[in-house]
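This is what each chain is made of:
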Amino acid sequence: MRNELALTVIGNLVEDPELRFTSAGVAVARFTVASTPRTFDRDTNTWRDGEPTFLDCSCWRQLAENVAGSLSKGSRVVVAGRLRTDRWETVEGEKRSRMVLDVDDVGASMTFATLTITRTTRPAPPRESAPDDPWATASPVWSAAPAGSDSVPAGEPPF
């Protein structure tokens, strides 16, 4: 979309992700990432930590379930998403706001860790096709033409 602020943040989870479900059964996970800049001080020959930035994050559906099942407090992550402002009014009438990252993807940082990837399985959606759909049927198996040959098997499109 236009005018959305895409953002990638590298940091650590402040607490375990919180997984909830909407009334329609859609999973949503909320978590906070702390990102602390680090600079090298040549005078003292040491690293210095700057002020941390805390960013509230939310993700939905399968990503939410995977995040909640895989990550925990202290996990170093790479989070990519779109930044938005949440606005609300308290019962006292005070207006409040906070920045939230609507997460598109989360990856574990491998700077200080190793990981093993386990793919989740999803049921395949049922295939429905029109009876006259030529792309719905499996194509015949063709053998490759010999190297240097310009011939194309009969009935095979040249692409």
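The rules behind each value
Residues numbered from 1 in each chain as written. Predicted model: local features only at pLDDT ≥ 70, side-chain atom pairs only at ≥ 80, totals over all residues. Heavy atoms only, no water. Helix = DSSP H or I, 4+ residues; strand = E, 2+ residues; numbered from the N terminus. Buried < 20%, exposed > 50% of the residue type's maximum accessible area, 1.4 Å probe, protein only. Contact = heavy atoms within 4.5 Å. Areas by Shrake-Rupley, 256 points an atom, 1.4 Å probe, with all protein chains shown as cover. Pairing = 2+ DSSP bridges. Salt bridge = Lys/Arg side-chain N within 4 Å of Asp/Glu carboxyl O. Phe/Tyr/Trp six-rings, centres within 6.5 Å; stacked < 30°, edge-to-face > 60°. 1 Å grid on protein atoms, 1.4 Å probe; cavity = no way out; pocket = protein on both sides within 12 Å on 5 of 7 lines; lining within 4 Å. Points joined across faces, edges and corners; volume = space filled by probe spheres on them. Nonpolar A, V, L, I, M, F, W, Y, C, P; charged D, E, K, R; others polar.

## Observations concerning the overall build of the chain
For step 1, the next point in the chain: A count of helices and strands for the chain gives one helix and eight strands.
For step 2, the next point in the chain: If you list the helices and strands of the chain from N to C, you get β-β-β-β-β-β-α-β-β.
For step 3, the next point in the chain: When burial is assessed residue by residue, the chain has 19% of its 159 residues classed as buried.
For step 4, the next point in the chain: Of the contacts formed within the chain by residues at least 6 apart in sequence, a portion of 55% connects residues at least 24 apart.
For step 5, the next point in the chain: When the accessible surface of the chain is split by element, carbon and sulfur atoms take 52% of a total near 12800 Å².

## Looking at the pairing of strand β2 (residues 18-21)
For step 1, the next point in the chain: Here β2 runs beside strand β3 (residues 27-35); their pairing, made up of four bridges, is antiparallel. Residue pairing in the sheet places R20 in a bridge with V28 of β3.
For step 2, the next point in the chain: Here β2 hands over to β3 after five residues, with G25 in that stretch at a positive phi of 90 degrees.

## Structural notes on the pattern of salt bridges
For step 1, the next point in the chain: Counted according to the given criterion, the structure contains nine salt bridges.
For step 2, the next point in the chain: Linking D41 and R48 is a salt bridge whose minimum nitrogen-to-oxygen distance equals 3.2 Å.
For step 3, the next point in the chain: Among the residues examined, D41 registers a relative accessible area of 15% and is labelled buried.
For step 4, the next point in the chain: Across the pair R84 and D102 runs a salt bridge, and its minimum N-O distance is 2.7 Å. Taken together, the residues R84 in strand β7 (residues 76-89) and D102 in strand β8 (residues 95-108) connect sequence positions 18 residues apart.
For step 5, the next point in the chain: Here D102 falls in the buried class, since its relative accessible area comes to 17%.

## Thoughts on the environment of L55
For step 1, the next point in the chain: Tracing the chain through its elements places L55 in strand β6 (residues 53-60).
For step 2, the next point in the chain: Between the C-alpha atom of L55 and that of V14, which follows or precedes it by 41 residues, the distance is 9.7 Å.
For step 3, the next point in the chain: If we skip the residues at most four places from it in the chain, L55 touches L7, V9, F31, T32, V33, L83, M99 and L101.

## Describing the packing of aromatic side chains
For step 1, the next point in the chain: All chains considered together, the criterion is met by one aromatic pair.
For step 2, the next point in the chain: With a centroid separation of 5.3 Å and 65 degrees between ring planes, the pair formed by F40 and W47 is classed as edge-to-face.

## Observations concerning the layout of surface pockets
Empty space among the atoms becomes visible once a probe the size of a water molecule is rolled across them.
For step 1, the next point in the chain: Space inside the largest pocket adds up to approximately 720 Å³.
For step 2, the next point in the chain: Surrounding the largest pocket, 22 residues form its lining, N66, S70, V106, I117 and T118 being those nearest its centre.
For step 3, the next point in the chain: Of all elements in the fold, only α1 (61-70), β7 and β8 reach the threshold of two or more residues within the lining of the largest pocket.
For step 4, the next point in the chain: Per-element accounting of the lining of the largest pocket gives the leading share, seven residues, to α1.
For step 5, the next point in the chain: Among the residues making up the lining of the largest pocket, the classes are represented as eight nonpolar, nine polar and five charged.
For step 6, the next point in the chain: When its volume is computed, the second largest pocket comes out at roughly 160 Å³.
For step 7, the next point in the chain: Residue lining of the second largest pocket: I10, N12, A34, S35, T36, R38, R76 and F112, and that is the complete set.
For step 8, the next point in the chain: For the lining of the second largest pocket, the secondary structure elements donating two or more residues are β1 (5-13) and β3.
For step 9, the next point in the chain: Here the lining of the second largest pocket is built from residues that sort into three nonpolar, three polar and two charged.

Structural measurements only, silent on function.
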